[in-house]
Amino acid sequence: MDVEKATYSQPLKTKARQVVLGDAVRALTEERESSPLVSLDRFDALARYCVDLFRTYLKRDISEPVSLLQQHWETVHASRVGERFASDLKVLF
């Protein structure tokens, strides 16, 4: 493609923007509960796996430090994923 002929209104680019923006809006609204990259359930399962792995193979109990990490993650997660009001939302132009 000739650089001089490249525009932002090519059909493929327009379609890609519609799909990406549509997915983003859906993830932030209708599918908000399932859209986080790392859900609390997944994080907790990984933490339990790590604690069990250390206990089984290294004979060490890391449950206390992992528990502190879990508490921190729950706080961070709640601040990013919790319920929002329309006035809380920002639109980037």
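Everything below is about the structure printed above this text.
To start, this report covers the structure provided alongside it. (Residues numbered from 1 in each chain as written. Predicted model: local features only at pLDDT ≥ 70, side-chain atom pairs only at ≥ 80, totals over all residues. Heavy atoms only, no water.)

**Some thoughts on a nonpolar patch on the surface**
The condition that has to hold: Each patch groups residues whose relative accessible area exceeds 30% and which form no salt bridge, using 9 Å between like charges and 5 Å between nonpolar side chains of Val, Leu, Ile, Met, Phe, Trp and Tyr. Only the protein chains shown count as covering a residue, and every accessible area follows the Shrake-Rupley method with a 1.4 Å probe. Any carboxyl oxygen of Asp or Glu that lies within 4 Å of a side-chain nitrogen of Lys or Arg is treated as forming a salt bridge with it. Each helix is a run of DSSP H or I of at least 4 residues and each strand a run of E of at least 2, with the numbering of both proceeding from the N terminus. Residue burial is assigned from relative accessible area. The probe radius is 1.4 Å, only protein chains are included, and a residue is buried under 20% of its type maximum, exposed over 50%, and partly exposed in between.
Taken together, L46, Y49, L53, F54, Y57 and L58 make up a surface patch of nonpolar side chains, about 640 Å² in accessible area. Looking at the secondary structure, you find L53 in helix α2 (residues 40-58). Judged by relative accessible area, L53 falls into the partly exposed class, the value being 33%.

**What to know about helix α3 (residues 63-81)**
Quick reminder of the rule: Here the expected span of a helix is defined as 1.5 Å times the quantity of residues minus one. Should any heavy atoms of two residues lie within 4.5 Å, those residues are counted as being in contact.
Helix length check: α3 (19 residues) gives 26 Å between terminal C-alpha atoms against 27 Å at 1.5 Å per residue, within 8%. Where α3 is buried, its residues touch α2.

**Topic: α2**
Rule in force here: To obtain the arc, one takes the directions from the helix axis to the C-beta atoms.
The end-to-end C-alpha distance of α2 is 26 Å, a good match for the 27 Å that 19 residues give at a rise of 1.5 Å each. Among all positions of α2, only F43, D44, A47 and V51 are buried. The buried residues of α2 occupy an angular sector of 100° when the element is viewed end-on, so they sit on one face. Counted as exposed and oriented over 90 degrees from the buried face of α2: D41, R42, Y49 and Y57.

**Quick look at the pattern of salt bridges**
According to the stated counting rule, one finds 3 salt bridges in the structure shown. The partner of R26 in a salt bridge is D23, with the nearest N and O atoms 2.5 Å apart. Of the two residues, R26 and D23 both sit in helix α1 (residues 11-28), 3 residues apart, roughly one turn of that helix. For R26, a relative accessible area of 33% translates into the label partly exposed. Residue D23 is classed as partly exposed on the basis of its relative accessible area, which comes to 41%. When salt bridges that share partners are traced, they join D52, R55 and D61 into one network.

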